[in-house]
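Tertiary structure, described
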Amino acid sequence: MKGVISSLSCSNNHVSLTKTPTFLKIMVLSFISLFLFILVRRFSSDITTIPTTPTRKFPMSFNQTTVVAGKNPPPPPLRQPAVERTGIIDENGAMTNDFIVGEFDEEMIDSVVNGKNGSDNEGLKSDENKGAMRGKMGKFRVCDESMRDYVPCLSNLKGKREIFERHFPPKGKGLDCLVPRPKDYKLRIPWPKSRDEIWFSNVPHTPFAKDKEGIKLVKKKGEKYTFSGDGAKQYLDQISKMVPGIAFGQRTRVAMDISCGIASFGAYLMDRNVSTLSIATKNVHNNQIQFALERGVPAILAAFTTQRLLYPSQAFDLIHCSRCSINWTHDDGILLLEVNRMLRAGGHFIWAAESVYRHEKISFAPFKEMEDLTQRLCWELLKKEGDISIWRKPLNNSCYLSRAPAVQPPLCDAGDDPDNVWNVNLKKCITQLPGNGYGANMTAWPARLHFPPDRLFSIKMDAELSRREIFKAESKFWNDIISGYIGAFHWKELTLRNVLDMRAVYGGFAAALHDFDIDCWVMNVVPISGSNTLPVLYDRGFIGVMHDWCEPFDTYPRTYDLIHAAALFSVERNRCNVTTIMLEMDRILRPWGRVYIRDTTPVIEELEEIAHALGWVPFKYDSSEGPHSNWKLLIGEKRL
């Protein structure tokens, strides 16, 4: 080839290229093409020895390829250079699990995501307001023995026992330790036996009542407190005879018992398919709510003071007050106006006056004042028998609107939201009933359990036209989930009694427990961070409460056998510290109780470490959607 080219460049023959024969031109072009082909092939063979991707320190792939020793994988075509994928979308825009996570600096990520500051973490390392856990956690210490019955929002005012309202602990003074259990604490007695007896060592030893009547109701027998239910049964029979229209378990499904004592009223109404919320103040001498919860009766700490109770309007079919030591006519009847707000249209109010009134010269004065006030509230006195009086609230606003303008108390403004209850002061006005009749005509129990109520459409939320479908879909979803829990985790063998749902939405979780005959009651909590669905829960026949999970819950330690939280932490972690929420869960969880948390994978991984720090025994599972779902299930068991 070199000779040919030289001959072309030689001028001794004086031959012009343009005069070269045609076959010679073809020969020259062929040799030039052959020369270029050899050069390109040699160059391309050198390229294949260069790595197409840099060597990585931490190669991680869902589908790793096995490399045969001694053989390199074939290089990609030059016209389609290799593309390194760093997400779940491939170069064609299709979903794929075959992707590579590149190099990363573990220390840098730990410092950015977890906020490590280089110091040793012996306990809680957290932001003051937000919820991400900071760094590795050590074990939480156990609180002082004196805190075994500690209620954070109600136990932090020393020397001010007369103040029964919530007082959030000052900044930096919140719970940072594990509330201890009493000495000789025993596993609870299963329901329904617990209704009649509880362990003496599980509740405070201060006398519950010193009068003769109290001694009849509660007795100490060996290592147990025992309760007599004969009086409660007779009392309920008497009420049914006085006003048959109350219809326990049919028309009357949800009740409130104010200053509940030992909660026998609610305990024995359960036999009549009535769910009763027993409320009382925190009292170091009586501990009424603590006794009720140990018995397995729905109860929570609450007080009629200066703010609305945390229940919606038209929540209760019946409200009961027997010797509850509340002056209902005081301050223009402002406390009875709060009862009126919570009482369902057509609902009943039962008042058993203080027995001491019978022995005083002015024995009829309190009732006359009460009678005058209830008439102005348009309540109808149905029956009075001895100390027991029973009123019925009107079904609509017609009586209110027909009153003389000067009659007090006035009607509340039309713009007043009677379901707005979080940190709202009491008002000296009559809550008007909805003009569309919502909440007045409830279907009888148990049909109302699965019937989408009218007030479903009064909730402030997005979906306007599909609410009934969402309501039914939520019930179906939790029915399937609970069916799986019963099969996989043997829920029917756990003898559950006191259950807390930290984010109840429409109450599908509680409905599923009822449908599968789990003999328990559920405290349904509607967080303030979401839509106020509390009216729907009560219309279905459940009990519940509004709450902010950035604050402690109004109950004693060791209240619940099971705590359920679905999609709660992924919301609340943007508002407050999730570690403080977990500490609060530990406080209100009974020994050998369980926590079921369903949330996104990053949240579950964070909570799993906190669970270890609390001393729980955690188990992590894939959700029902499968191993590739971003939802996981964390189960924590609090052992003795």
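Residues numbered from 1 in each chain as written. Predicted model: local features only at pLDDT ≥ 70, side-chain atom pairs only at ≥ 80, totals over all residues. Heavy atoms only, no water.

Looking at an unreviewed UniProt entry, the protein chain carries the name Methyltransferase, with the source organism given as Anisodus tanguticus. The UniProt entry for the protein chain carries this comment under Sequence similarities (unreviewed entry): "Belongs to the methyltransferase superfamily." (UniProt positions renumbered as here; feature names shortened; annotations may be inferred.)

This next bit is on the pairing of strand S19 (residues 631–637). For S19, a buried count of 6 out of 7 residues is recorded, marking the element as mostly surrounded by other parts of the structure. Sheet topology note: the strand S17 (residues 589–600)/S19 ladder contains 7 bridges and is antiparallel. Bridge pairing in S19 places Thr-600 opposite Trp-631. Sheet topology note: the strand S18 (residues 617–622)/S19 ladder contains 6 bridges and is antiparallel. (Buried < 20%, exposed > 50% of the residue type's maximum accessible area, 1.4 Å probe, protein only. Helix = DSSP H or I, 4+ residues; strand = E, 2+ residues; numbered from the N terminus. Pairing = 2+ DSSP bridges.)

Attention now moves to the packing of aromatic side chains. Across all of its chains, the model carries 24 aromatic pairs by this definition. Between Trp-491 and Phe-509, the ring centres sit 6.3 Å apart and the planes meet at 80°, which makes this aromatic pair edge-to-face. With a gap of 18 residues between them, Trp-491 in the loop between helix H11 (467–489) and strand S13 (498–501) and Phe-509 in helix H12 (residues 508–515) connect regions that are remote in the sequence. Each member of the pair, Trp-491 as well as Phe-509, is classed as buried. Relative to Tyr-560, the ring of Trp-521 has its centre 6.0 Å away and its plane inclined at 55°; by these criteria the two rings are tilted. (Phe/Tyr/Trp six-rings, centres within 6.5 Å; stacked < 30°, edge-to-face > 60°.)

The next subject is the sheet that holds strand S3 (residues 197–199). Here we have 3 strands laid out as an open sheet, ordered S3-S5-S4, and antiparallel in their pairing. In the strand order of this sheet, the two ends are held by S3 and strand S4 (218–221), each with one partner. Ignoring strand direction, the axes of neighbouring strands in this sheet form an average angle of 25°. Sheet topology note: the S3/strand S5 (residues 224–227) ladder contains 3 bridges and is antiparallel. (Axes fitted to C-alpha atoms, helices over the stretch in contact; angles between N-to-C directions.)

Turning our attention to the state of the cysteines. Here the structure, examined in full by the defined rule, presents 5 disulfides. A sulfur-sulfur distance of 2.0 Å marks the disulfide that ties Cys-412 to Cys-429. Negative torsions about the S-S bond denote left-handed disulfides, and the value of about 85° found for Cys-412 with Cys-429 makes this one right-handed. A residue pair is termed long-range when its members are at least 10 positions apart, and Cys-412 in the loop between helix H10 (398–401) and H11 and Cys-429 in the loop between H10 and H11 qualify at 17 residues. Judged by relative accessible area, which is 6%, Cys-412 ranks as buried. A sulfur-sulfur separation of 2.3 Å characterises the disulfide bridge that pairs Cys-550 with Cys-576. Around the S-S axis, the bridge from Cys-550 to Cys-576 shows a dihedral of about -80° and counts as left-handed. Here the residue Cys-550 occupies a position in the loop between strand S15 (543–547) and strand S16 (560–566), and Cys-576 occupies one in the loop between helix H14 (569–572) and helix H15 (578–588), the gap between them amounting to 26 residues. In the protein chain, numbering the disulfide-bonded cysteines from first to last in sequence yields the connectivity 1-2, 3-4, 5-6, 7-8, 9-10. (Disulfide = S-S within 2.5 Å.)

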